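# Survey of secondary and tertiary structure
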Amino acid sequence: MDKPRRGYWCECWTQDIAEPGWPSLLASFDAYSAPQADRWVAVALRTISPALDPEASDEAWAWLYEGRAETRRALLCSEPCTVSVTHTSTRITWTIRPVLFLPLAHRHSVELPDCTKEFKPS
C-alpha cells in the first residue's frame, strides 16, 4: 500500500454512567469498507447480547434488525455513526468514522517498520 486508502476507524468505548469519569477505550478496528465496519459492531452485539439485561438486549437487536441498514447507508455517504447500548450502569458505545489511512513509512507487505522492534510491552 503506497497510497492513502479510504476506510473506517471503529472504536468500542465503555463508561460507568453511575460514576463520574471518562469513557475507556475497549477495542479499535480498521475497516476498509462500510460492510466490514458495521459487521464489526454486529458481531460484537450478537456476541454480548445473551449476557445483557433484557432492555439492553432489546436495544442491541433493534439495531441489528432495523438500525444496521441506516448505519450502512450513512457510512456509504461518509458520515460517522454511533451505536450504543446501556447494560445496568455501563454504556457501551461503538463509533465508526470515515478516515483516510496513510501508508506506514518503510512498510513492505506485512512487514512492520523497524521502530516496532524497539517497543517493549511493560
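In the block above lies the structure referred to throughout.
Residues numbered from 1 in each chain as written. Predicted model: local features only at pLDDT ≥ 70, side-chain atom pairs only at ≥ 80, totals over all residues. Heavy atoms only, no water.

Below, the discussion takes up helix 2 (residues 54–76). Relative to the 33 Å expected for 23 residues at 1.5 Å per residue, helix 2 spans 31 Å between its end C-alpha atoms, a close match to the ideal helical length. Its maximal kink placed at Gly 67, helix 2 deviates by approximately 60°. Taken together, the buried positions of helix 2 are occupied by Ala 56, Ser 57, Ala 60, Trp 63, Leu 64, Gly 67, Arg 68, Thr 71, Ala 74 and Leu 75. In this structure, the buried side of helix 2 is in contact with strand 1 (5–16), helix 1 (34–48), strand 3 (81–87) and strand 4 (90–101). Just downstream of helix 2 lies Ser 78, where phi reads positive at about 60°. (Helix = DSSP H or I, 4+ residues; strand = E, 2+ residues; numbered from the N terminus. Expected span 1.5 Å × (residues − 1). Bend = angle between axes of the 7 residues up to and from the residue. Buried < 20%, exposed > 50% of the residue type's maximum accessible area, 1.4 Å probe, protein only. Contact = heavy atoms within 4.5 Å.)

Before going further, it helps to spend a moment on the side chain of Thr 93. Topologically, Thr 93 is positioned in strand 4. When its relative accessible area of 15% is taken as the criterion, Thr 93 is described as buried. The contact partners of Thr 93, leaving out residues within four places of it in the chain, are Glu 11, Cys 12, Trp 13, Thr 82, Val 83 and Ser 84.

Inspection of every chain in the model, using the stated rule, returns three salt bridges. A salt bridge links Asp 38 to Arg 68; the shortest N-O distance between them is 2.5 Å. Of this pair, Asp 38 sits in helix 1 while Arg 68 sits in helix 2, and the two are 30 residues apart along the sequence. Grouping residues by exposure puts Asp 38 and Arg 68 together as buried. The shortest N-O distance in the salt bridge between Arg 72 and Asp 38 comes to 2.3 Å. Here Arg 72 is found in helix 2, whereas its partner Asp 38 is found in helix 1, with 34 residues between them in sequence. Take Arg 72: its relative accessible area is 27%, and that puts it in the partly exposed class. Since its relative accessible area comes to 0%, Asp 38 is described here as buried. A network of salt bridges, in which partner residues are shared, links Asp 38, Arg 68 and Arg 72. (Salt bridge = Lys/Arg side-chain N within 4 Å of Asp/Glu carboxyl O.)

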